[in-house]
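Here's the letter readout for the chains.
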Amino acid sequence: MTEQNFIIESKDVHLYYGKKEALKGVSLDFMPKEITALIGPSGCGKSTYLRTLNRMNDLIPDVTVTGTIKLNGKDIYSPKMDTVALRKEVGMVFQQPNPFPFSIYDNVAYGLNISGMKDKQKMDEIVEKSLRRAAVWDDVKDKLNKSALSLSGGQQQRVCIARVLAVEPEVILLDEPTSALDPISSAKIESMLVELKERYTIVIVTHNMQQASRISDKTAFFLQGDLIEMGQTRKIFTNPKEQATEDYISGRFG
Amino acid sequence: MRKMFEEELQELHARFSEMGMMVNEAILKSVKAFVNHDKVLAQEVIDHDHLINEYELKLEKKSFELIALQQPVSTDLRIIVTVLKASSDLERMGDHAVSIAKSTIRVKGNKRVPEIEEQIAEMANIVKTMSDDVLDAYLKNDSAKAKKIAFTDDEVDQHFKKIYSQCVEEMKNDTDIVEGATDYMMVASYLERVGDYVTNICEWIVYLDTGKISELNSNLDE
């Protein structure tokens, strides 16, 4: 086991909201091109942990993070780290679809525009490719200039995923991306994620146990700020090591 | 929700245990009938077999329902899978009890060999103990005990071989014995199969307890 196998390595990550310790020393590594599901009851720290991976917590006042998190061997909490560049490398999708109040095209091209891309033809190609990979191209190809807000929730969420894909990230973080969607839209996003795994490393927070067991390669179980157990999903859901994991996945609490 | 599901699992467990007791009774009776040449008792085993088959169907139906509606994982899933798999083994054990009972009815009037019948009674005793013990190991979820039971299947196999060669010898010496000895061989092979099914159930108990699917006492090297 050599360290460079991992795309993300985190060691002894503590996070405090003011004085409250929300993460109590989490060490967790991620293999490239795998889907890892973070599960656990509300308030266990899984979303907080997810947000440390692209420093989204920096935006919340009075947050302190200790420990180290490395992306491709580079400390992302180093003072030299450019957080804008980091968030391109490590994109994020949220629970509520949050398209900008622009056209579908401009939503997806947003990251390319702010990075100064001028080549219109290349931009068209990237927008189409991203929408295709996000499995929403056929839904929107005839109305790219319409407002993204006119789409259904499931389509909006896939456009948001296309927006992340357009800037060619290495890692995609998803925070309960389907919990606001109907089962059909959720299923579309699930199968899309499994396809995206060929190119990207995916970390997903989910409250849906079946979703975690269906799509992820690894599962990490959090409880009260601690990482209780991390392992192969097929092992976690058939014979976990820890009783707390067993109790949670079997619906005994949470 | 969880409480309802747990009650249903408990119910499944109880029904499986009942089926196990019915099968054990069938084996006990078929063996007793064979040893005592009791045609009436043998007929009783045959008549009651459909109850065992109905139990298996009910257990299967309930298991499929729980899987579909509750999406069980880990221990819950293993409880259901164990019932599903082991109930088929129990049902087959019941079928062999019926076959032994049928031989008992047929054997009437044939020329007998008391020494071989004694051997069969001894073999039957071991098998009966195994099938009693395996139910106990299931109820206690005791994989160590299950492994031990599977091990005693060797004794059953040895008895089978001994009875087999004894029958062949007797048939060579006395052609009048051919019909009776053929039945002896068949009864011994039914008992041997029952021992194999008990071993299968032992494997499911190990799975239930540890999550490991294993092959206990493989026949490959025989």
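Conventions used here
In this convention, every chain numbers its residues from 1, walking through the sequence in written order. The lettering of chains begins at A and the numbering of ligands begins at 1, in the order of writing. Thresholds applied to this predicted model are a pLDDT of at least 70 for local features of residues and 80 or more for the giving and counting of side-chain atom pairs; totals over whole chains, interfaces and linings are not thresholded and use all residues. Computation of side-chain values covers all heavy atoms of the structure but excludes hydrogens and water. Think of it this way: any DSSP run of H or I at least four residues long counts as a helix, any run of E at least two long counts as a strand, and we number them from the N terminus. We compute the radius of gyration from the C-alpha atoms alone; for a globule the expected value is 2.2 Å times N to the 0.38, where N is the number of residues. Each residue is assigned to one of three classes by its accessible area relative to the maximum for its type, calculated with a 1.4 Å probe on protein chains only: buried under 20%, partly exposed between the two thresholds, exposed over 50%. Contacts were defined at the residue level, with two residues in contact if any of their heavy atoms lie within 4.5 Å. Only the protein chains shown count as cover for residues, and all accessible areas are computed by the Shrake-Rupley method using a 1.4 Å probe. For the charge count, each Lys or Arg is scored as positive and each Asp or Glu as negative, with His and the chain ends excluded. Here the site of a charge means atom NZ of a Lys, CZ of an Arg, CG of an Asp or CD of a Glu. For two strands to be treated as a pair, DSSP must find no fewer than two bridges joining them. Aromatic pairing here means that ring centres of Phe, Tyr or Trp (its six-membered ring) are within 6.5 Å. Orientation follows from the plane angle: under 30 degrees is stacked, over 60 is edge-to-face, and everything else is tilted. Placement of a charge over a ring requires the Lys NZ or Arg CZ to be within 6 Å of the ring centre, with the centre-to-atom vector within 35 degrees of the ring normal. UniProt positions are given in the numbering used here, feature names are shortened, and annotations may be inferred rather than shown by experiment. Surface patches are drawn from residues lacking salt bridges whose relative accessible area is over 30%; two like charges belong together within 9 Å, two nonpolar side chains (Val, Leu, Ile, Met, Phe, Trp, Tyr) within 5 Å. The term salt bridge refers to a side-chain nitrogen of Lys or Arg lying within 4 Å of a carboxyl oxygen of Asp or Glu. Only C-alpha atoms enter the line fits that serve as axes; for helices the fit covers just the stretch in contact. Angles between N-to-C directions range over 0 to 180 degrees. Expected span, for any helix, means 1.5 Å times one less than how many residues it has. The term polar contact refers here to a pair of N or O atoms within 3.5 Å; inside protein, the definition further demands a hydrogen-donor-capable atom paired with an acceptor-capable atom, and it admits residues adjacent in sequence only when both atoms are side-chain atoms. Each angle gets one of four labels, with under 35 degrees taken as roughly parallel, over 145 as roughly antiparallel, 65 to 115 as roughly perpendicular, and the rest as oblique. What makes a crossing left-handed is the near helix being turned counterclockwise from the far one by less than a right angle; a clockwise turn instead makes it right-handed. Here the quantity called buried area is the accessible surface, traced with a 1.4 Å probe, that two parts lose on coming together, added over both. Gly counts as polar in this scheme, as do all residues outside two lists: the nonpolar Ala, Val, Leu, Ile, Met, Phe, Trp, Tyr, Cys and Pro, and the charged Asp, Glu, Lys and Arg.

### Some details on the overall build of chain B
Of the regular secondary structure elements, chain B holds six helices and zero strands. Mapped from its N terminus to its C terminus, chain B presents α and β elements in the order α-α-α-α-α-α. For 222 residues, the compact-globule estimate of 2.2 N^0.38 gives 17 Å, and chain B sits close to it at 19 Å. Here chain B, with 222 residues, has 47% of them falling under the buried criterion. Considering only contacts in chain B between residues 6 or more positions apart, those separated by 24 or more positions represent 83%. Within the structure as shown, chain B displays about 10,800 Å² of accessible surface, and the carbon and sulfur contribution to it stands at 55%. A distance of 3 Å separates the average location of the 27 positive side-chain charges in chain B from that of its 43 negative side-chain charges.

### Focus on the pairing of strand S10 (residues 226-232) of chain A
Side chains on a regular strand alternate between the two faces of the sheet. All names here are of chain A. For strand S9 (residues 218-223) and S10, the ladder comprises six bridges, and the chain directions are antiparallel. Residue pairing for S10: Phe222 is matched across the bridge by Leu227. The turn joining S9 and S10, which pair antiparallel and follow one another in sequence, is formed by two residues; a positive phi near 45° is taken by Gln224.

### Concerning the packing of aromatic side chains
Taken as a whole and assessed by the stated rule, the structure comprises 11 aromatic pairs over all chains. Ring plane angle 25° and centroid distance 6.4 Å describe the contact between Phe30 of chain A and Tyr49 of chain A, whose orientation is recorded as stacked. Here Phe30 of chain A is found in strand S2 (residues 20-30), whereas its partner Tyr49 of chain A is found in helix H1 (residues 46-52), with 19 residues between them in sequence. Summarising the burial analysis for this pair, Phe30 of chain A and Tyr49 of chain A share the class buried. Where Tyr248 of chain A meets Phe253 of chain A, the ring centres are 5.7 Å apart and the plane angle is 50°; that geometry is what we call tilted. Look at Tyr248 of chain A and you get buried, because its relative accessible area is 7%. One aromatic cluster is present, formed by Phe30, Tyr49 and Phe222 of chain A through successive ring pairs. Geometry around Phe100 of chain A places Arg163 of chain A over its ring, the cationic atom sitting 4.2 Å from the centre. The ring of Tyr197 of chain B carries Arg193 of chain B above its face, with NZ or CZ at 5.1 Å from the centroid.

### Things to note about the UniProt feature "domain: ABC transporter" (unreviewed entry) in chain A
Residues annotated by UniProt as "domain: ABC transporter" (unreviewed entry) correspond here to residues 8-249 of chain A. Segment residues 8-249 of chain A splits into 37% helix and 26% strand. End C-alpha atoms: 26 Å apart.

### Remarks on a positive patch on the surface
On the surface, a cluster of positive charge is contributed by Lys235 and Lys241 of chain A together with Lys147 and Lys212 of chain B. Tracing the sequence through the fold places Lys235 of chain A in helix H9 (residues 233-236). What makes Lys235 of chain A partly exposed here is its relative accessible area of 41%.

### Observations concerning the environment of Ile202 of chain A
Residue and element names in this part refer to chain A. Tracing the backbone through its elements, the reader meets Ile202 in strand S8 (residues 201-205). Separated by 34 residues in sequence, Ile202 and Glu168 have C-alpha atoms that sit 13 Å apart. Setting aside residues up to four positions removed in sequence, Ile202 forms contacts with Glu34, Ile35, Thr36, Ile172, Leu174, Leu193, Leu196 and Lys197.

### Describing the sheet that holds S8 of chain A
All names here are of chain A. Spatial strand order, S6-S7-S8-S3-S9-S10: six strands in an open sheet with mixed pairing. Two strands close off the open sheet at either side, each with one partner strand: strand S6 (90-93) and S10. When the angles between neighbouring strand axes are averaged without regard to direction, this sheet yields 15°. Pairing between strand S3 (residues 35-39) and S8: four bridges, direction parallel. Of the residues in S8, the one forming a bridge with Ile35 is Ile202. Strands S6 and strand S7 (171-175) of the sheet are contacted by helix H6 (residues 153-166), whose axis makes an angle of about 170° with S6. Of the strands in this sheet, S3, S7 and S8 are in contact with helix H7 (residues 183-196), which crosses S8 at around 150°.

### Details of the environment of Asp82 of chain A
Along the chain, the position of Asp82 of chain A falls in the loop between strand S5 (74-75) and helix H2 (83-89). Sequence-wise, Asp82 of chain A and Val136 of chain A are 54 residues apart; in three dimensions their C-alpha atoms are separated by 31 Å.

### Quick look at helix H5 (residues 143-173) of chain B
Residue and element names in this part refer to chain B. In a regular helix each residue adds 1.5 Å, so 31 residues correspond to 45 Å; H5 covers 47 Å between its end C-alpha atoms and thus fits that length. Structurally, H5 contributes buried residues whose contacts are with helix H4 (114-139) and helix H6 (178-210). The N-capping residue of H5, defined by a side-chain oxygen 3.2 Å from the backbone nitrogen of Ala144, is Asp142.

### A look at the packing of helix H3 (residues 104-114) of chain A against H6 of chain A
Any two packed helices are characterised by the angle at which their axes cross and by the distance between the axes. All names here are of chain A. Across the interface, H3 lies against H6 with an axial gap of 7 Å and an inter-helix angle of 30°. Considering the angle they form, H3 stands roughly parallel to H6. Considering how the two elements wind past one another, H3 and H6 form a crossing that is right-handed. Between H3 and H6, the contacting residues are Ile104, Asn107, Val108 and Leu112 on the first element and Val159, Ala162, Arg163 and Ala166 on the second.

### Considering the pattern of salt bridges
Within this structure, the stated rule accounts for 32 salt bridges over all chains. The residue Glu8 of chain B makes a salt bridge to Lys62 of chain B at a minimum N-O spacing of 2.7 Å. Separated by 54 residues along the polypeptide, Glu8 of chain B in helix H1 (residues 2-36) and Lys62 of chain B in helix H2 (residues 39-70) bring together distant segments of the chain. For Arg92 of chain B, the salt bridge is made with Asp95 of chain B, and the minimal N-O distance between the two is 3.2 Å. A residue pair is termed a helical-turn pair when its members lie 3 or 4 positions apart in one helix, as Arg92 of chain B and Asp95 of chain B do in helix H3 (residues 74-107) at three residues. When salt bridges that share partners are traced, they join Glu246, Asp247 and Arg252 of chain A together with Arg2, Glu6 and Asp76 of chain B into one network.

### Some remarks on the interface of chain A and chain B
With 10 residues of chain A at the interface, the matching set in chain B holds 10 residues. Here chain A packs against chain B, burying approximately 790 Å² in sum over the two surfaces, 37% of which is carbon and sulfur. For the chain A face of the interface with chain B, the top three residues by lost area are Gln210, Asn239 and Arg252 of chain A, together amounting to 44%. Our count for the contact surface shared by chain A and chain B stands at two salt bridges. Connecting chain A to chain B are nine residue pairs in polar contact (both at pLDDT 80 or more). For the side of chain A that touches chain B, the per-class residue count stands at three nonpolar, five polar and two charged.

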